[in-house]
Structures are given as C-alpha cells and as structure tokens.
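# Descriptive structure summary
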Amino acid sequence: MQHMNEIRVFSPATVSNVACGFDILGFPLESVGDEMVVRKTIKKGIVITKIEGFDLPFEVNKNVASVSALALIDSVKPDFGFEIEIYKNIKPGSGIGSSGASATSSVYAINELLGRPFNKLELTNFAMKGEFIASNSEHADNIAPALFGGFTLVKNLHPLEILQLPTPKDLYVIIIHPQIEIKTSESRDILPKMVSLSDTTKQLSELGGLIHALHTSDYELMKKSLNDHLVEKHRSKLIPYFDELKSKSLAAGAIGCSISGSGPSVFALAKGKDMAINIESIFKSVYSKSNIDFATYVSKISPNGVVTI
Ligand code: HSE
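Residues numbered from 1 in each chain as written. Predicted model: local features only at pLDDT ≥ 70, side-chain atom pairs only at ≥ 80, totals over all residues. Heavy atoms only, no water.

Time to look at the overall build of the protein chain. Within the protein chain, the secondary structure is distributed over 10 helices and 11 strands. Over its C-alpha atoms, taken along the principal directions, the protein chain stretches across nearly 60 × 40 × 40 Å. The proportion of buried residues among the 309 residues of the protein chain is 55%. For the protein chain, the proportion of contacts with a sequence separation of at least 24, taken over those separated by at least 6, is 74%. For the protein chain, the accessible area works out to roughly 13300 Å², and carbon and sulfur atoms hold 53% of it. The positive charge centre, built from 31 side chains, and the negative charge centre, built from 33, are 1 Å apart in the protein chain. (Helix = DSSP H or I, 4+ residues; strand = E, 2+ residues; numbered from the N terminus. Buried < 20%, exposed > 50% of the residue type's maximum accessible area, 1.4 Å probe, protein only. Contact = heavy atoms within 4.5 Å. Areas by Shrake-Rupley, 256 points an atom, 1.4 Å probe, with all protein chains shown as cover. Lys, Arg positive; Asp, Glu negative; His and termini not counted. Charge placed at Lys NZ, Arg CZ, Asp CG, Glu CD.)

Laid out in structure tokens, this is it:
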C-alpha cells in the first residue's frame, strides 16, 4: 500500500482528574480541540513550520508536539522526516488539556503516515514525553482520553495500562475558562506530598462509586461520587469565584462540579442539553460581575479521541 504523505488531524480538549480521579481519570470534549497538519519531508527529523492561535516555541526540543514526535521517530528511525503545522484552539495553561492535545496530535499523525507501526498504548508512552516538558511531571490523564476517547482510566503508568470506561449517553460537560494563568507545574507544587488515611479512604470510595455509576449509567450515584478530598481544597484558592460556581451549579442540578485538570478551568457535568445550557448561563452570570475575561464551552463527552479529518 502506498502511504500518504500528508495528514490533518483533530485532537480534542480533555477534562482530567474528574474530581475523584487525580492524575488517572479523564474524558474528551466533542467539538473543542486543536488541528495539526503533518507532512513527510525528504530531510530527516522534525521541523515545526507554522503555529497559529497561540504563541508557542518553534524549537523542536521545547515544543510539546515535536518532543513527543521525536520520541516516536527515535524508535523507528525512518529515512525521511516530518514537518508540523500547529493550529491551536485550546489555550495553553487553560486546564483543558492543551499540551495533551498537542502531544497526542503529532504522535497520532506520524503513526498514520508511517502506516501504523504503533498501537494507542505505545502512542500514549511517546506523547507522555511531550506532556512531561509542559508540566514537569509524568501523567497520562489528558493524553489517554485524547487518544482513546470516552472516559479513560490510567490504571498504571509503568508499564502503561489504560482502561476504557463506558460514557453514559446523556452526559454533558460545561466548562468555564477564566482567562488567568495557572501553570500546571505551579498548581502541582502547591499540593501536599502526603495525604491522610481518612481522606484517601474517602477518595477511594468516591472513585469506586463513580466507576460503578459509569458502568450502570446511574446519574444519582455519579452525583454522590464526584467529590475530591485530596486536591480541590488546595487548588480552588487559585480560582476566583470557585465556591460560587460550584454551589450555584450544584443547586441548579449539576451532577458534579470541580476543577478541570490543574485549572483554572472549572467543569460541571449535567444530564441532558437543557440542564447543561442552564448551568452554562449560571457560570456566565457568576463571572460577568468580575473583571476577568472568560470563555465557556458546552459539549457532549466524546466517545472518540484524536481523528483524521
Ligand atoms: N492530573 C494533572 C494535574 C493534569 O491535575 O496536575 C494536569 O494537566
């Protein structure tokens, strides 16, 4: 088969942690995400030729997309190279998986151009190399849902084990992204290195409850389980109006509300589109009285990850 020479891909924004699954749980959005064009070149190696949307480094050892791409080609050593055009829609540092989408797009695209030598698990490993330079830590809870689609649990990092969980069909996510910058590395530095046994026990029961709720489409159990006893109390201090977003959305019927990834975005889950739109307007009204710019998104949770377009 003649392999293609050029590909355009879409990689979704993702919500990671999902309240009770710090560093291990995430899901992708349906329509919010980045695009990337990758082309084969005669010259070996990786070069970034275009970046639109946001200001990101062109240096291949500093850009998340090229770092993950280099990890991939280093293990195949093709006798040609690749040039990358990045079209960012997800603002870096937003908490909805901007670096995860970049890392995912490049490895997925190059794997397609090479005729798929690697499976998605292997691609996750390459993409994690890019994610590492963005956050200074190893985690796959944005990359795995961006690659696999749907609710995704990172069961183990070394060796990598990913579990794909069911995604209840009426589930919507609402996101508000306050335009303040919180770097993932800083947002991780403020977390305690040790947590109490009682908080750990509570968190385990929440995660167990959520997993069961996803398998049974039990929205009531989901509502009782979307709580975070480990991280939210520390990070929420960095997000203006977090308590108000949470209390008002829950009072209006949200299934849960917490920080998306390392913030500053906040997400809520809702059953059905009407409820989702109502919660979006609550989020907007909370932030309208502030002088902070913000963006909101309403999306179904996508059963798909990165795709060729
Ligand atoms: N699980 C990570 C964190 C996601 O919360 O720090 C950051 O992208």
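That was the structure; now back to the text.
There is about 740 Å³ of room inside the largest pocket. As for the largest pocket, its lining consists of 42 residues, and the residues nearest its centre are Pro92, Gly93, Ser99, Ala134 and Thr184. At the level of elements, helix H2 (98-113), helix H3 (120-135) and helix H5 (184-189) are the ones that each hand at least two residues to the lining of the largest pocket. It is H3 that contributes the most residues to the lining of the largest pocket, four residues altogether. (1 Å grid on protein atoms, 1.4 Å probe; cavity = no way out; pocket = protein on both sides within 12 Å on 5 of 7 lines; lining within 4 Å. Points joined across faces, edges and corners; volume = space filled by probe spheres on them.)

The subject of this paragraph is the nonpolar core. Ranked by size, the top nonpolar core spans 37 residues in total, and within it Val38, Leu72, Phe82 and Ile110 carry the most contacts. Residue assignment for this core shows that the elements contributing at least two residues are strand S1 (6-16), strand S2 (25-41), strand S3 (45-52), helix H1 (64-76), strand S4 (81-87), H2, H3 and helix H4 (143-148). Dropping the residues within four chain positions of it, Val38 is found in contact with Asn5, Glu6, Ile7, Phe82, Glu83, Ile84, Ala109, Ile110 and Leu113. Leu153, Val173, Tyr219 and Ile255 belong to the second largest nonpolar core, which has 30 residues in total. (Core = buried A, V, L, I, M, F, W, Y, C linked by side-chain atoms within 4.5 Å.)

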